[in-house]
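# Coordinate analysis (summary)
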Amino acid sequence: MPFRENELVIFADEQGHYYLQRLRQGGALHTCWGQVRHEEVLGLEPGCRVATTGRKAFMVFYPTAMDYTMNMPRKSGIIYPKDTAVILVWADVFPGARVLCGGVGSGALLLAVLRQVGPAGLVVGYDVRQDMLDFAAENIRNYFGESTPNLVLKKGDVYGPLEERDFDRVLLDVPEPWRAIGTVLDTLRPGGIVCAYLPSITQAEAFHRALRQSKAFGLVETLEVLVREWHLEGRSVRPKHRMVGHTGFLTFARRLDRQLPAEGLEPAPGENGEPPGEGSLSAFPFQEGHREALEGDGER
């Protein structure tokens, strides 16, 4: 389909420089190699080649989700595509799913989740800062257009009670996800998956341990994703000198059936039953009735 006015495109050269642009009459891509007027691109097919006034060649494509994510405006760190890809698969985000996102940032993860759940799904995003909600909403609109009826953004704290229930997945990008365990218990369906993205291993270890000690989650695992590209040119075949190494740790777990008793479940090996640095299960902000059930003193 030929490029039309107001469409998003990506200009890319062979050296890996990318420029995200929205095509407009009178608009132009400005680079240190000169400029390309948008009128030269309008009507051409994706994959075409154009040259700047300084004779620098660029290829023009519709942007992939990764192209857009890596080149969109941001006012915070983002969850990078290599981690997002694993989140979508490990957390099994499926078309039609109901997904709760705690912490929206600049909207990188929201964008991917919205594409994955499709129009039949629902994504509810919470953040404590209205400016971040507004910024993420603008990035989402810039990619999807004005209509995103399956996205709800709210100012609020996932460490406290939320009004929504029955989510299939909960994705957390907050500094202390162990404080949101009570919220996850309230909002996540049995068998549902929770995932937290955390930049430091101490945070990941604390959340991993808290999930196991709560006795309300199974199949807890923590991992990180490393990406290494290769240099392939003539007889020179080797890994590139630079790689996309550590960006964050991902912890996943599955919600156990609320009707199953916690009694008799094995504690995490080598642990004394205390959550991270706090002393007992009373440190977790469980909603009423959860703590008794998890400690085995009440009916589930």
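Residues numbered from 1 in each chain as written. Predicted model: local features only at pLDDT ≥ 70, side-chain atom pairs only at ≥ 80, totals over all residues. Heavy atoms only, no water.

This part covers the overall build of the protein chain. Assigned secondary structure in the protein chain consists of seven helices and 15 strands. Burial analysis of the protein chain (300 residues in total) assigns 48% to the buried set. Partitioning the contacts of the protein chain with sequence separation of at least 6, the portion at a separation of at least 24 is 63%. Total accessible area on the protein chain is roughly 15,300 Å²; 51% of this is exposed by carbon and sulfur atoms. (Helix = DSSP H or I, 4+ residues; strand = E, 2+ residues; numbered from the N terminus. Buried < 20%, exposed > 50% of the residue type's maximum accessible area, 1.4 Å probe, protein only. Contact = heavy atoms within 4.5 Å. Areas by Shrake-Rupley, 256 points an atom, 1.4 Å probe, with all protein chains shown as cover.)

As a further point, take the nonpolar core. Burial of nonpolar side chains together is a common tendency in soluble globular proteins. Counting residues in each nonpolar core, the largest one holds 38 residues, and the members touching the most others are Val99, Leu110, Val113, Val123, Leu171 and Leu250. Listing elements by their share of this core, those giving two or more residues are β1 (8–12), α1 (65–71), α2 (81–90), β7 (98–102), α3 (108–117), α4 (130–144), β11 (188–198) and β15 (249–255). Tallying contributions element by element places α3 first for this core, with eight residues. Contacts of Val113, omitting those with residues within four sequence positions, involve Leu88, Val93, Val99, Val123 and Leu171. Grouped together as the second largest cluster of nonpolar side chains are 29 residues, Tyr126, Tyr159, Leu188 and Ala204 included. (Core = buried A, V, L, I, M, F, W, Y, C linked by side-chain atoms within 4.5 Å.)

This paragraph deals with a nonpolar patch on the surface. A surface patch of nonpolar side chains, amounting to about 340 Å² of accessible area, comprises Trp230, Leu232 and Val237. Overall, Trp230 belongs to the partly exposed group, its relative accessible area being 42%. (Patch = residues over 30% accessible without salt bridge, like charges linked within 9 Å, V, L, I, M, F, W, Y side chains within 5 Å. Salt bridge = Lys/Arg side-chain N within 4 Å of Asp/Glu carboxyl O.)

Before going further, it helps to examine the pattern of salt bridges. Tallied over the full model, the rule gives 16 salt bridges. In this structure, Asp131 engages Lys75 in a salt bridge whose closest nitrogen and oxygen atoms are separated by 3.3 Å. Placement of Asp131 in helix α4 and of Lys75 in the loop between α1 and α2 is noted, with a sequence separation of 56 residues between them. Residue class for Lys75 comes out partly exposed when judged on its relative accessible area of 42%. The salt bridge partner of Glu229 is Lys240, with a shortest N-O separation of 3.5 Å. One end of the pair, Glu229, is in the loop between β12 (217–224) and β13 (230–233); the other, Lys240, is in the loop between β14 (236–239) and β15, with 11 residues separating them in the sequence. Overall, the relative accessible area of 47% leaves Glu229 in the partly exposed class. Overall, Lys240 belongs to the partly exposed group, its relative accessible area being 38%.

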